[in-house]
Amino acid sequence: MHSKRSVGIPHNNSVTNAGRGLPVSVAPLSESGRSTVRAEFPALARRHDDQPYVYLDGPGGTQVPRRTISAMAAYLERSNANHEGAFPTSEESDAILAEAHAAASDFVGAADASEIVFGPNMTTLTFAFSRAIGRTLRPGDEIVVTRLDHDANVAPWLALQEERGAVIRWVDVVPEDCTLDMAGMAHAIGPRTRLVAIGLASNAVGTINPVGRVIDMAHAAGALVYVDAVHAAPHMPLDVKALGTDFLACSPYKFFGPHLGLLYGRRELLNRLDAYKVRPAANQPPGKWETGTQSGEALAGLVGTFEYLEWLGRTFGGADESQTRRERLAAAMHLIRNTERELASRALAALGSVRGLRLYGIVDPARIDERVPTFAFTLDGRSPREIATYLGRRGIAVWDGDYYAYELIRSLGLAESGGMVRVGLTHYNEPTEIDRLVEALGEIG
């Protein structure tokens, strides 16, 4: 296991690797900067009743930049082939897949590309790794899960209760602000703990969890940690080495890419664990874990997404071509974090002004750095589906229900009434879109 450390997610404007040439602070996007960024996303040109369509459904999947679309089309036009063929299109395809692994490694801060595994989505990857880890468990071994997590980082581990005799230990949610009960976490982790599954940020209410502290506790007990970073990846820099996590999974389609799953695993663990795979497949990572033919066009598109983020880091984040791709990507994500902080503050104040609206999660403006710009609420006298339908007819896309935050919605007593309405902002959203949302909510009456 790793040595004990205290690592958290930086919440201020400081760029963690500023000493390597990045600016000390990154200013949020200006109005002209937002216009330039929005022009990179073709979907944002869509209109509804002579007004721009408002995409507040980012937690379910973001829009993609032009570079992503072009890269996918170019792959299908010129390099569409299967793996390891002795002919040009296969060689080109393999080069694109290798570049996707290398760029993803830089995005999450892995040691190298061999620690990156791709799959159809985060859920499928997590079930695959839960089965592999399950093969190492004995009856009575314990797994810690939380009631704040997306079910993709709960159900795969619950299955090991029946399959391997694992004991599931639950960590509850503090209902007042939808944060984790950290005293309960400390109590749940013990000498029989073999794995702790935790989300970096809640996909329902936006809470950023103190994952660094949890990793310290888990490693001190000799346990592995599996981090769900799906909802964090669009909003903040990721650094698996700084966190010290054993696994971290996310979904490119949540951070401006195609439909894919992406997993980081420590090389030693990827080598040691047994994968469920066909016999001729590679015995070394990442190939041993990437079962079947990968989606070449989606991986090409992901390379396009990373090129967009590099452009963002250069154009608005203070990075330049003399720096590494890792540094340019980090600059982009710090820019996104700082831009979204302003949007989150505006949304928090605006939603709080709506009569009859109850916002769940962290609502104290002084704690804005403890959340990402994802907001969930109920409105007196209206079901979440009624609200989402009304907004949809106004050209405003939001989600309703439980969005697979299965345990949280039940902990809050909202399952029978349809869950909550969820609004998710990203760096390509505009302040005026928040104003349109609040105006529409005020008209529902």
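This text goes with the structure placed above it.
Summary of the structure given here. What you see is a predicted model; the values in this text were computed from it and never measured.

Further remarks concern the nonpolar core. Core analysis: the largest hydrophobic core is formed by 80 residues, its most contacted members being Phe 107, Val 108, Met 185 and Leu 309. Looking at this core, the element that brings in the most residues is helix H10 (residues 296-315), giving nine residues. The residues contacting Met 185, other than those within four sequence positions of it, are Val 144, Thr 146, Val 171, Leu 180, Val 196, Ile 198, Val 214 and Met 217. Membership of the second largest hydrophobic core comes to 29 residues, among which are Leu 56, Phe 375, Val 423 and Leu 437.

Below, the discussion takes up the environment of Leu 329. Mapped onto the fold, Leu 329 is located in helix H11 (residues 325-352). For Leu 329, the residues in contact, after removing those within four places along its chain, are Ala 103, Asp 106, Phe 107, Phe 306, Leu 309 and Glu 310.

The tally for this structure, following the rule as stated, stands at 26 salt bridges. The shortest N-O distance in the salt bridge between Arg 147 and Glu 407 comes to 2.7 Å. Here Glu 407 lies in helix H13 (residues 406-411) and Arg 147 lies in the loop between strand E5 (142-146) and helix H5 (155-164), a separation of 260 residues in the sequence. Measuring nitrogen to oxygen at the nearest pair gives 3.6 Å for the salt bridge that ties Arg 410 to Asp 402. Using a relative accessible area of 36% as the deciding quantity, one classes Arg 410 as partly exposed. We classify Asp 402 as partly exposed; its relative accessible area is 24%. Residues joined by salt bridges that share partners form a network here, namely Asp 246, Arg 266, Glu 268 and Arg 272.

To continue, consider the sheet that holds strand E4 (residues 116-119). Working definition: the strands of a sheet are paired by backbone hydrogen bonds and lie parallel or antiparallel to each other. Across the sheet, seven strands lie side by side as E4-E12-E11-E10-E9-E5-E6; this open sheet has mixed pairing. Looking at strand neighbours, the two that pair on one side only are E4 and strand E6 (167-171), the edges of this open sheet. For this sheet, the mean angle separating the axes of adjacent strands, direction not counted, is 20°. One ladder, built from four bridges, connects strand E11 (residues 247-250) with strand E12 (residues 261-265); its direction is antiparallel. Residue Leu 248 lies in a different strand from E12, and its bridge partner there is Tyr 264.

Bringing the packing of helix H2 (residues 66-78) against H10 into the picture now. Relative orientation of the contacting elements H2 and H10 amounts to 145°, with a least axis distance of 7 Å. Crossing of H2 against H10: the hand is right-handed. Residues Arg 67, Thr 68, Ala 71, Met 72, Tyr 75 and Leu 76 of H2 form the contact with H10, whose participating residues are Gly 296, Glu 297, Ala 298, Ala 300, Gly 301, Gly 304, Thr 305, Glu 307, Tyr 308 and Trp 311. A breakdown of the residues in the contact of H2 with H10 according to their chemical character gives eight nonpolar, five polar and three charged.

So, about helix H14 (residues 431-444). The first and last C-alpha atoms of H14 sit 21 Å apart over 14 residues, in line with the 20 Å expected at 1.5 Å per residue. Taken together, the buried positions of H14 are Pro 431, Glu 433, Ile 434, Arg 436, Leu 437, Val 438, Ala 440, Leu 441 and Ile 444.

This part covers the sheet that holds strand E17 (residues 420-424). Judged by pairing direction, the sheet is antiparallel, and its four strands sit side by side in the order E13-E14-E17-E16 without closing on themselves. Here the strands that pair on one side only, and so sit at the sheet edges, are strand E13 (357-360) and strand E16 (399-401). Each strand axis lies, on average, 30° off the axis of its neighbour in the sheet, ignoring direction. Bridge count for E13 against strand E14 (residues 374-379) is four bridges, and the pairing is antiparallel. When the bridges of E14 are listed, Leu 359 appears paired with Phe 377. This element, H11, spans E13 and E14 of the sheet and lies at about 5° to E14.

What follows covers unusual backbone geometry. The peptide bond linking Pro 285 to Pro 286 adopts the cis configuration, its omega dihedral lying at 0°. By the element assignment, Pro 286 lies in the loop between helix H9 (267-272) and H10. Backbone geometry places Asp 50, a non-glycine residue, at a positive phi of 65°. Relative to the helices and strands, Asp 50 is located in the loop between strand E1 (47-48) and strand E2 (51-52). Positive phi, close to 45°, is recorded for Tyr 403, a residue that is not glycine. Following the sequence through the fold, Tyr 403 ends up in the loop between E16 and H13.

Rules of the game
Residues numbered from 1 in each chain as written. Predicted model: local features only at pLDDT ≥ 70, side-chain atom pairs only at ≥ 80, totals over all residues. Heavy atoms only, no water. Core = buried A, V, L, I, M, F, W, Y, C linked by side-chain atoms within 4.5 Å. Buried < 20%, exposed > 50% of the residue type's maximum accessible area, 1.4 Å probe, protein only. Helix = DSSP H or I, 4+ residues; strand = E, 2+ residues; numbered from the N terminus. Contact = heavy atoms within 4.5 Å. Salt bridge = Lys/Arg side-chain N within 4 Å of Asp/Glu carboxyl O. Pairing = 2+ DSSP bridges. Axes fitted to C-alpha atoms, helices over the stretch in contact; angles between N-to-C directions. Left-handed = near helix turned anticlockwise from the far one by under 90°. Nonpolar A, V, L, I, M, F, W, Y, C, P; charged D, E, K, R; others polar. Expected span 1.5 Å × (residues − 1).

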